[in-house]
Amino acid sequence: MVRILFLLFISSFLFLTPFHVSAQEERAAPRSGEGISAFLQRNKRPGKAYYLEFLELNKKQLRGKEELRLGVKYLLPPLKKGSGNTAASSNSSASNSSASNSSARSGNKTIREPLFGKSLAEVKVTGNRLQGACFYVVSGHGGPDPGAIGRIGSVELHEDEYAYDVALRLARNLMEEGAKVYIIIQDAKDGIRDDQYLNNSKRETCMGDPIPLNQVARLRQRSEKINALYQKDRKSYTYCRSIFLHVDSRSKSHQTDVFFYHAPKSVNGKRLATTMKNTFESKYDRHQPNRGFSGTVSPRNLYVLANSSPAGVFVELGNIQNTFDQRRFVMSSNRQALAKWMMEGFITDYKKSK
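Note that the structure is predicted; figures quoted are calculated from it, not measured.

> Just to check I follow, could you spell out the environment of threonine 110 for this structure?
Within the fold, threonine 110 resides in strand β4 (residues 108-112). In this structure the C-alpha to C-alpha distance between threonine 110 and valine 123, which are 13 residues apart in sequence, comes to 5.5 Å.

In structure tokens, the structure reads:
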């Protein structure tokens, strides 16, 4: 009888041990606009080793293999001995000269940008792939001009609101990789938003200056703002690029992919637009292999491209009237994916420029 009880005790112990171990697993959910590097950095697991281990642990839960989903609690890699808070120093070489306020914290540079909203105002520089690069991020329209207007039921979708949210997400991603970033069109209240239907407003300014209603005056204002900044930045940065984000308006039946335009005689602009298009094409091949990608690159004599000094790319994110295209920017996860892919396009082009 004693022998039987002893065997039952051992069996129970062996059965319960794995459950006890799994209960010690640490999980966390990402914040809005957070990429994997920033997510791991916030959870005291910076660096490539943690990144690769995280991908392996969560490969079935990640969107498109390397994209986080809001509301999902991901399994964190076990902390290595001697890591803790001091582990944050592994990426301390990353440097950022943003137009925002910055300070060093826990061995990493932290940029404070209130335009991203309270919960995302602090941006940790977790990489250095864009160290030494400078960007002027411009969302289309704004202020008195909402741009194109689409509808889902009784809800109006304003181009300037969706282009602005993608612009903020892109700016934040670029900052995380060590770039200096200027957000040319600004709304002091909105921040990065995860709503499907973004509230419409006329608060936007051109870095604090009221946006004119007249189209030519409006475009001239943002070009002149970029050029004034570029005159100073060109002395410190060999790679300066501008990006103009818009949402197109065509017939409801016309589904489009993302289009990229460059100034007709700009060699650097053409290379950037082509690199962006190739990046998007590779993403579509990976995530939607049977769909194909029909986005194109072409020269276009647009005012902001022709009158802004740094090489630039003009991006049309989709047709605001088309039901399928609307999903590309109404869903916050898709807005984040657009920003991430454009950032990766910039990284590739930056490497080519060297």
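There is more to say after this.
> What exactly am I supposed to notice about the environment of tyrosine 350 here?
Among the secondary structure elements, tyrosine 350 is positioned in helix α9 (residues 332-353). You can call tyrosine 350 buried: its relative accessible area is 5%. Residues in contact with tyrosine 350, not counting those within four places in the same chain, are Arg129, Leu130, Gln131, Gly132, Ala133 and Tyr239.

> What is the right way to read the pattern of salt bridges from this model?
Where charged atoms from two side chains of opposite charge approach closely, those side chains can pair. Counted by the stated rule, this structure contains 25 salt bridges. As a salt-bridge pair, arginine 271 and aspartate 349 come within 2.9 Å of each other at their nearest N and O atoms. Taken together, the positions of arginine 271 in helix α6 (residues 267-287) and aspartate 349 in helix α9 put the pair 78 residues apart, joining distant regions of the chain. A relative accessible area of 25% places arginine 271 in the partly exposed class. Its relative accessible area of 0% is what places aspartate 349 among the buried residues. Linking lysine 340 and glutamate 344 is a salt bridge whose minimum nitrogen-to-oxygen distance equals 2.6 Å. One end of the pair, lysine 340, and the other, glutamate 344, are both in helix α9, four residues apart, so they sit about a helical turn from each other. In this structure, lysine 340 and glutamate 344 share a single accessibility class: buried.

> Is there a simple way to explain the environment of lysine 351 in this structure?
By secondary structure assignment, the location of lysine 351 is in helix α9. In sequence terms lysine 351 and arginine 129 are 222 residues apart; their C-alpha atoms lie 8.7 Å from each other.

> Honestly, unusual backbone geometry in this entry has me stumped. Any pointers?
Negative phi is the rule for most residues except glycine; trans is the rule for most peptide bonds. Even without being glycine, lysine 44 reaches a positive phi, approximately 65°. Looking at where lysine 44 falls in the secondary structure, it is placed in the loop between α2 (36-42) and α3 (48-57). Note on lysine 44: relative accessible area 40%, which makes it partly exposed. Unlike most non-glycine residues, histidine 141 shows phi in positive territory, near 65°. Take histidine 141: it is sitting in the loop between β6 (133-139) and β7 (149-152).

> What am I meant to see in the packing of aromatic side chains here?
For any pair of aromatic rings, geometry is given as the distance between the ring centres together with the angle between the planes. All chains considered together, the criterion is met by 11 aromatic pairs. Summarising the aromatic geometry, the rings of phenylalanine 260 and phenylalanine 280 are spaced 5.4 Å apart at their centres and angled 70° between planes, so their arrangement reads as edge-to-face. You can see phenylalanine 260 sitting in strand β14 (residues 259-262) and its partner phenylalanine 280 sitting in helix α6, a full 20 residues away along the chain. As far as the burial class goes, phenylalanine 260 and phenylalanine 280 line up, both buried. Every member of this aromatic cluster is reached through a ring pair, and the members are Phe135, Tyr239, Phe346 and Tyr350. When the ring centre of tyrosine 50 is taken as reference, the NZ or CZ atom of lysine 80 above it lies at 3.8 Å. Seen from the ring of tyrosine 261, arginine 300 lies directly overhead, with NZ or CZ sitting 4.9 Å from the centre.

> Even after reading the chapter, I still don't get the sheet that holds β14, so can you show me in this structure?
Hydrogen bonds between backbone atoms are what pair the strands of a sheet, whose relative direction is either parallel or antiparallel. Strand order in this open sheet of six strands is β9-β6-β13-β16-β14-β15, and the pairing throughout is mixed. Each having just a single partner strand, β9 (180-183) and β15 (297-299) make up the two edges of the open sheet. Neighbour-to-neighbour, the strand axes of the sheet open up by a mean angle of 25°, direction not taken into account. Across the sheet, helix α8 (residues 323-330) is in contact with β13 (239-248) and β16 (311-319); its angle to β16 comes to roughly 125°.

> I keep staring at the sheet that holds strand β10 (residues 185-186) and nothing clicks. Help me out?
If you trace the three strands from one edge of the open sheet to the other, you get β10-β11-β12, paired in antiparallel fashion. Lying at the two open borders of the sheet, with one neighbouring strand each, are β10 and β12 (209-210). Where strand β11 (residues 205-206) meets β12, two bridges bridge the pair, whose relative direction is antiparallel. Looking at the pairing, threonine 205 lines up with proline 210 of β12.

Cut-offs used in this document
Residues numbered from 1 in each chain as written. Predicted model: local features only at pLDDT ≥ 70, side-chain atom pairs only at ≥ 80, totals over all residues. Heavy atoms only, no water. Helix = DSSP H or I, 4+ residues; strand = E, 2+ residues; numbered from the N terminus. Buried < 20%, exposed > 50% of the residue type's maximum accessible area, 1.4 Å probe, protein only. Contact = heavy atoms within 4.5 Å. Salt bridge = Lys/Arg side-chain N within 4 Å of Asp/Glu carboxyl O. Phe/Tyr/Trp six-rings, centres within 6.5 Å; stacked < 30°, edge-to-face > 60°. Lys NZ or Arg CZ within 6 Å of the ring centre and 35° of its normal. Pairing = 2+ DSSP bridges. Axes fitted to C-alpha atoms, helices over the stretch in contact; angles between N-to-C directions.

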